[in-house]
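One-letter residues, chain by chain:
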Amino acid sequence: YYEVYGKGKPIVVLHGGIFGSTYEMHQFIDSLKKTHQVIAVSTRGHGKSELGTDSITYEQKANDVMAVVNAVTKDSVTVLGFSDGAYAGFKLASMYPGRVKKLIAIGASEIKPGVRDFTFNAKAAVALDTTYWNQQLKLMPQPQRLQDMFTQLGRMYNRLTLDSAFFATIQCPVLVMAGDRDASNPVPRVVSTQQMIPNSQLSIIPNSTHGVFLENFPAVWTSLVPFLKP
């Protein structure tokens, strides 16, 4: 499932995983649609997108996104991804170098098995934010598969390796951004990631955690606008 807003050069917006949805990206969508064609994608198992029958992988996510892009435009696109969406953006830029013009990756960095334990429990998640999940479960085509989605994503994250060899394959300009208090992506790891990407810039937003753009959108937007310029 995807939605398209505005007119102009296309930019793909990819939300985070687990608790992620296009709603969390609304400030980006509202701001970008004034000058761009915004393609907001709901990734598998999120929002109105079905989970599917194959196990979730980032290669699959990248292929899903490219299928959406091809349905909307033949142009190359800029990609803006947060967390899970940023990892999908990394894969997309690596797999489709001719179609990804620029990438903004927020809240994502190098990773290997054992860095974190990505075990997610659906009942515990729903208890953390019942209002949000009541809304999301009404949107989902298969709400009974919520734990299945959590399990698949956790398995994928626990096996994921993104290292210097992978990041060297990304040739488009990349803006790597994170909050300085992002517990999932400590500043040294974010800096290391940026240094692995050949054509990259770094933005660290002070006094912000993982959801940096939800906490200080003006600072994120100020960092992002110069990078978007041709």
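Residues numbered from 1 in each chain as written. Predicted model: local features only at pLDDT ≥ 70, side-chain atom pairs only at ≥ 80, totals over all residues. Heavy atoms only, no water.

Trainee: Before we move on, can you summarise the environment of L14 with the specific residues and values?
Mentor: Within the secondary structure layout, L14 lies in strand β2 (residues 9–14). Relative accessible area serves as the criterion here: at 0%, L14 is assigned to the buried category. Put simply, L14 and M177 are 163 residues apart on the chain and 15 Å apart in space, counted from C-alpha to C-alpha. Other than its neighbours up to four places away in sequence, L14 contacts M25, V41, V65, V79, L80, G81, F82, G85, A88 and G89. (Helix = DSSP H or I, 4+ residues; strand = E, 2+ residues; numbered from the N terminus. Buried < 20%, exposed > 50% of the residue type's maximum accessible area, 1.4 Å probe, protein only. Contact = heavy atoms within 4.5 Å.)

Trainee: Describe in detail the pairing of strand β5 (residues 100–106), supporting the description with residues and values.
Mentor: When you tally the buried positions in β5, you get six out of seven residues, the bulk of the element. The pairing of strand β4 (residues 77–82) with β5 spans six bridges and is parallel. In the sheet register, T78 faces β5, and the bridge partner there is K102. Taking the sense of rotation as the criterion, the β-α-β connection linking β4, helix α3 (residues 84–95) and β5 turns out right-handed. For β5 and strand β6 (residues 174–179), the ladder comprises four bridges, and the chain directions are parallel. Its bridge partner lying in β6, A105 is registered against V176. (Pairing = 2+ DSSP bridges. Right-handed = clockwise from strand over helix to strand, strands pointing away.)

Trainee: So, unusual backbone geometry: which residues are in play, and what are the values?
Mentor: We note that S83 has phi near 55 degrees; this positive angle belongs to a residue other than glycine. Inspection of the secondary structure puts S83 in the loop between β4 and α3. Residue classification places S83 among the buried positions, given a relative accessible area of 15%. With phi around 55 degrees, N207 is a residue other than glycine that occupies positive phi space. Mapped onto the fold, N207 is located in the loop between β7 (200–205) and α9 (212–215). What makes N207 exposed here is its relative accessible area of 55%.

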